[in-house]
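A closer look at the structure
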Protein chains: 2
Amino acid sequence: MTMSLSAELWPDVQPETARRLMLAGVESFAQRGYHATTTRDIASSAGMSPAALYVHFPSKAALLFAISRSGHEQALNLVQEAAESTDSPVEAMREIVERFVAWHARRHTVARVVQYELGALPEREYEIVADLRRGIERIVRDLVARGVEEGVFTATDPGTAARAVLSLGIDVARWYTDRSRKTPALLGKEYGQLALRMLGAAQS
Amino acid sequence: MTMSLSAELWPDVQPETARRLMLAGVESFAQRGYHATTTRDIASSAGMSPAALYVHFPSKAALLFAISRSGHEQALNLVQEAAESTDSPVEAMREIVERFVAWHARRHTVARVVQYELGALPEREYEIVADLRRGIERIVRDLVARGVEEGVFTATDPGTAARAVLSLGIDVARWYTDRSRKTPALLGKEYGQLALRMLGAAQS
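Basis of the calculations
Residues numbered from 1 in each chain as written. Chains lettered and ligands numbered in written order. Predicted model: local features only at pLDDT ≥ 70, side-chain atom pairs only at ≥ 80, totals over all residues. Heavy atoms only, no water. Helix = DSSP H or I, 4+ residues; strand = E, 2+ residues; numbered from the N terminus. Buried < 20%, exposed > 50% of the residue type's maximum accessible area, 1.4 Å probe, protein only. Contact = heavy atoms within 4.5 Å. Areas by Shrake-Rupley, 256 points an atom, 1.4 Å probe, with all protein chains shown as cover. Lys, Arg positive; Asp, Glu negative; His and termini not counted. Charge placed at Lys NZ, Arg CZ, Asp CG, Glu CD. UniProt positions renumbered as here; feature names shortened; annotations may be inferred. Axes fitted to C-alpha atoms, helices over the stretch in contact; angles between N-to-C directions. Parallel < 35°, antiparallel > 145°, perpendicular 65-115°, else oblique. Left-handed = near helix turned anticlockwise from the far one by under 90°. Expected span 1.5 Å × (residues − 1). Buried area = accessible area lost by both parts, 1.4 Å probe. Salt bridge = Lys/Arg side-chain N within 4 Å of Asp/Glu carboxyl O. Polar contact = N/O pair within 3.5 Å; in protein donor to acceptor, adjacent residues only side chain to side chain. Nonpolar A, V, L, I, M, F, W, Y, C, P; charged D, E, K, R; others polar. Core = buried A, V, L, I, M, F, W, Y, C linked by side-chain atoms within 4.5 Å.

In terms of regular secondary structure, chain A is built from ten helices and zero strands. If one aligns the C-alpha atoms of chain A with their principal axes, the spans along those axes are about 60 × 40 × 25 Å. Taking all 204 residues of chain A together, 54% fall into the buried category. Across chain A, the fraction of contacts at a sequence separation of at least 24, relative to all contacts at a separation of at least 6, is 66%. Carbon and sulfur atoms make up 49% of the accessible area of chain A, which totals about 9100 Å². Here chain A holds 24 positive side-chain charges and 25 negative ones, and the gap between their average locations is 6 Å.

Mapped onto the present numbering, the UniProt feature "DNA-binding region" (unreviewed entry) falls at residues 38-57 of chain A. Each end of residues 38-57 of chain A is marked by a C-alpha atom, and these two atoms are 13 Å apart; helix forms 70% of the span and strand 0%.

Here we come to the packing of helix α2 (residues 16-32) of chain A against helix α7 (residues 108-116) of chain A. All names here are of chain A. As a packed pair, α2 and α7 sit with axes 9 Å apart at the nearest point and diverge in direction by 70°. Judged by the inter-axis angle, α2 sits roughly perpendicular to α7. At the point where α2 passes α7, the crossing takes the left-handed sense. On α7, the residues that touch V26, F29 and A30 of α2 are T109, V110 and V113.

A word on helix α8 (residues 123-149) of chain B. Residue and element names in this part refer to chain B. The end-to-end C-alpha distance of α8, which contains 27 residues, comes to 38 Å, matching closely the 39 Å that a straight helix rising 1.5 Å per residue would cover. Three or more residues of α8 are buried, namely E125, V129, A130, L132, R133, G135, I136, I139, V140, L143, V144 and G147. Note on α8: the residue one or two positions beyond its end, G151, has a positive phi of about 80°.

The next subject is the interface of chain A and chain B. If you look at the interface, chain A gives 29 residues, while chain B gives 29 residues. Summing both sides of the interface, chain A and chain B together bury roughly 2600 Å²; the carbon and sulfur share of this comes to 56%. In this structure, the salt-bridge partner of D157 of chain B is K182 of chain A, at a minimum N-O distance of 2.4 Å. Viewed at the interface, chain B and chain A are joined by twelve residue pairs in polar contact (both at pLDDT 80 or more). Within the residue set of the side of chain A that touches chain B, elements represented by two or more residues are α2, α7, α9 (158-175) and α10 (184-198) of chain A. Classifying every residue of the side of chain A that touches chain B by side-chain character gives twelve nonpolar, seven polar and ten charged.

Counting 86 residues, the largest nonpolar core has M93 and Y191 of chain A together with M93 and Y191 of chain B as its most contacted members. In contact with M93 of chain A, not counting residues within four places along its chain, are V140, L143, V144, F153, V165, L196 and L199 of chain A. Judged by nonpolar contacts, the second largest core, of 31 residues, contains V13, M22, Y34 and A120 of chain B.

Set out below in structure tokens:
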């Protein structure tokens, strides 16, 4: 756990103490699951007292929400920027998959918490995160639909195809480790090709 | 939690009390995670005393192992039978994906525990389960490689392609619920087509 990693993960979060707690939260949740982790565990793993934790996060759920919302916002921004990077649906989809897969590989510990601890969020917080998820799905689905219209993609159901494309990226967080043979960027490139083929795009 | 569901899930496990404990374990682990669940929680959810649980499973880890091994054995058998159901790599792959996806949708609660609580298994038990996983990956990878040899699939790296095919199925367990619009069988059919296209197979 280093200061630079937390700043790299959450450049927009201030102060550094809050980022340090988020990183300790990610590591504890990823290792033992949200429900088995106490705020005391997280505080002590960040080298703080529980009281110091509550200065930044009123509850364990608030800390999970901060981690989850930030992760989803990053993923949404990344998908949005990739989608807008070119007018070609094929190239836009390639960019989305390459970046989305690489992010889930590079940030696999954060991504695991973000993807698999959703059910632990309180209702109101869950709805905010679910809205970000729907935003991601909508961009990919609309892009599939546009590609079908323009005759460059084939998909009987753009919703199912979009979900399958996103599954390829999300599931990377489950199995990727720092010992994995392929770099996040290389894996992204390979998955980009696989996803385009899945959508029936002519391969360049 | 009904007697018939546990018999359907684990037809080979006897007596019924053991199956009832496995079902209670699945439900508790899926809801709160392995580490936050106590053997007392599981026993009481199955309407038993902790002592009665220990008659069948010496520990919480032994119960998780029984659930995980059985789930992986079912998945391996299903993939093996599908692979051997025809000589055509294209049709064999279609069968594998259809059945694997449908299983992860229909058994989504069991599958979530099986797929996401691997890290909680003790080392020796983990190795046994990892061996079953490698068996599944090997069948799919060998089939991709055979299809490439016979000129019916395109894949630059059969290992990566096999992993992507399996990801499509595994990730279904994460999002599928009883309220999902598509039946497990229909979802399997659609994903079968997507996977074949991903492998560059000519669509029939």
